[in-house]
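Fold and geometry: a report
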Amino acid sequence: MRVSVIGCGYLGAVHAGAMAALGHDVVGVDVDEAKVAALSAGRAPFFEPGLPELLAQTTASGRLRFSTDLSEVAGCEVHFVCVGTPQRHHEFAADLTYVDAAFADLAAFLAPGDVVVGKSTVPVGTAERLAAGLEGTGAVLIWNPEFLREGFAVQDTLHPDRLVYGVPAGEAGERGRAVLDVVYAAPLADGVPLVVTDYATAQLVKVAANSFLATKISFINAMAELCEATGADVTALADAIGHDVRIGRKFLNAGLGFGGGCLPKDIRAFMARAGELGVDQALSFLREVDSINMRRRVRMVDLAREVCAGSIVGRRVAVLGAAFKPDSDDVRDSPALSVAAQMRLQGAHVTVTDPQAIPNAQRAWPDLVFADTAEAAAQGADVVILATEWREYRALDPEKLAQVVRSKAIVDGRNVLDPVAWRGAGWTYRALGRP
Ligand code: UDX
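Residues numbered from 1 in each chain as written. Predicted model: local features only at pLDDT ≥ 70, side-chain atom pairs only at ≥ 80, totals over all residues. Heavy atoms only, no water.

1. Let's talk about the packing of aromatic side chains
Inspection of every chain in the model, using the stated rule, returns five aromatic pairs. When the centroid spacing of 4.4 Å and the interplanar angle of 45° are considered together, the rings of Y10 and F46 count as tilted. Of the two residues, Y10 is situated in the loop between β1 (2-6) and α1 (12-21) and F46 in the loop between α2 (33-40) and α3 (51-60); the sequence distance between them amounts to 36 residues. Note on accessibility: Y10 and F46 belong to one class, buried. Cluster of aromatic residues (ring-pair linked, three or more members): F80, Y165 and Y184. Just above the ring of F152 sits the side chain of R149; from NZ or CZ to the centre is 4.3 Å. Lying across the ring of F147, R162 places its NZ or CZ 3.6 Å from the centre. (Phe/Tyr/Trp six-rings, centres within 6.5 Å; stacked < 30°, edge-to-face > 60°. Helix = DSSP H or I, 4+ residues; strand = E, 2+ residues; numbered from the N terminus. Buried < 20%, exposed > 50% of the residue type's maximum accessible area, 1.4 Å probe, protein only. Lys NZ or Arg CZ within 6 Å of the ring centre and 35° of its normal.)

See below:
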């Protein structure tokens, strides 16, 4: 099918590549000229494993091209809207400026029978409003939330856990659904479960899923607080409760907590929307989920202070990790950078390193000092903080790192290092939720 993808960020660029890999003829549109130039040359404008290969292969095949000119979407039968919905400044609610603009601009290029597919994460009720705005174009809107994880985005898009369609009642909705079945013919043939529902449910599925994941992480981080107060070990606790299949071990890794462009802003936007709907009490627990999450960052700084004999003023701190999670260069709401910035504000000399995210981190926090490698960041350090669990940091050799630091002290913010090995090499090892 002839497909357009509007918005080529972390979601849209991968979606465009994946749609071309599924055999469709795709044009991706973005306002950012540098991004479009990179994508057109088959290069990924951000770090995402597998994306460079996907783009190289699909742009070379001639089935994928990119443009800054929205009129190029004319003639496509399906239009995926993948623009961002960031948190508004000084508010919990989502900023819908980009979604509204994308729909308003797109309307001019739609033909009767076209299918517009909303993938952006929006407050429930938005799809209904956007569908009303398309009246008169002859196009139908389907809401099809996206569940991809950064770091696994290509795999998640080509082999999703499930597909969800929010479809309006009536003949146009049925037709739109049939078109989307053709778009997703390959994953559907592979047996990917499909849930067809109404607009409201489809929009809620996305924020409900992210709220559940955030709650699971904050639950185990709350248990970590209990472990800290009692001398218990949260990693053993997570293993033990995770054996119960009703609970499951996934997303029970205690540590610095969640960040990124989705979980934090999605739970806040969900709370804001619940307030507008008069059901804020239903989500008041998410405020606690958010608070537990933010407290972990403060606790991390406190732990560093403890190992520095009560003060970090003038101390050298190495922070390993800037991205909000490994295998990503995304620093939006990154717990690692938040800890680094707090420590700097409190008078420490902080050096941050990351295998991929330094350019983005430098743009977001120009006052921080950066180094290319863990060894360089740890030169003369009084304390080393593992903030993002990149594979190369998990594999660090305590004997080797000991040669460059001033004081052998490490705080494991992700509970991924072996305390026995580090203590055995003479290090003071501290972690969140572990004795
Ligand atoms: C999330 C959802 O997983 C995805 O389905 C949705 O489409 C977008 O939001 P993403 O933001 O890419 O994806 O990251 P995810 O892997 O969910 O991790 C989110 C944060 O939680 C990271 O900061 C991670 O470090 C943290 N995390 C995750 C934990 O602290 N503990 C865990 O056990 C798991």
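2. What to know about the nonpolar core
Nonpolar side chains in soluble globular proteins tend to end up buried together. Counting 55 residues, the largest nonpolar core has M343, V352, V384, I385 and W427 as its most contacted members. Core analysis: the next-biggest nonpolar cluster, separate from the first, contains 39 residues, V5, A16, L51 and F66 among them. (Core = buried A, V, L, I, M, F, W, Y, C linked by side-chain atoms within 4.5 Å.)

3. Topic: unusual backbone geometry
In this structure, H90 takes a positive phi of about 60° despite not being glycine. Among the structural elements, H90 can be located in the loop between β4 (78-81) and α4 (97-107). Phi at D333 takes a positive value of approximately 45°, unusual for a residue other than glycine. Note on placement: D333 falls in the loop between β9 (316-320) and α13 (335-345). For D333, a relative accessible area of 28% corresponds to the partly exposed category.

4. Examining the side chain of R268
Along the chain, the position of R268 falls in helix α11 (residues 263-276). Discounting residues that sit within four places of it in the chain, R268 has contacts with Q87, F92, D290, M294 and D333. (Contact = heavy atoms within 4.5 Å.)

5. Let's talk about the sheet that holds strand β14 (residues 428-431)
Taken in spatial order, the six strands line up as β11-β10-β9-β12-β13-β14 in an open sheet, and their pairing is parallel. Both outer strands of the open sheet, β11 (369-371) and β14, are each paired with one neighbouring strand and no more. Mean inter-strand twist for the sheet, computed between neighbouring axes without regard to direction, equals 25°. Along the sheet face, α13 touches β9, β10 (349-353) and β12 (383-386) and points at about 160° away from the line of β10. (Pairing = 2+ DSSP bridges. Axes fitted to C-alpha atoms, helices over the stretch in contact; angles between N-to-C directions.)

6. Some details on the environment of R391
When you line up the elements, R391 lands in helix α16 (residues 391-394). A sequence separation of 207 residues divides R391 from Y184, and the C-alpha atoms of the two residues are 34 Å apart.

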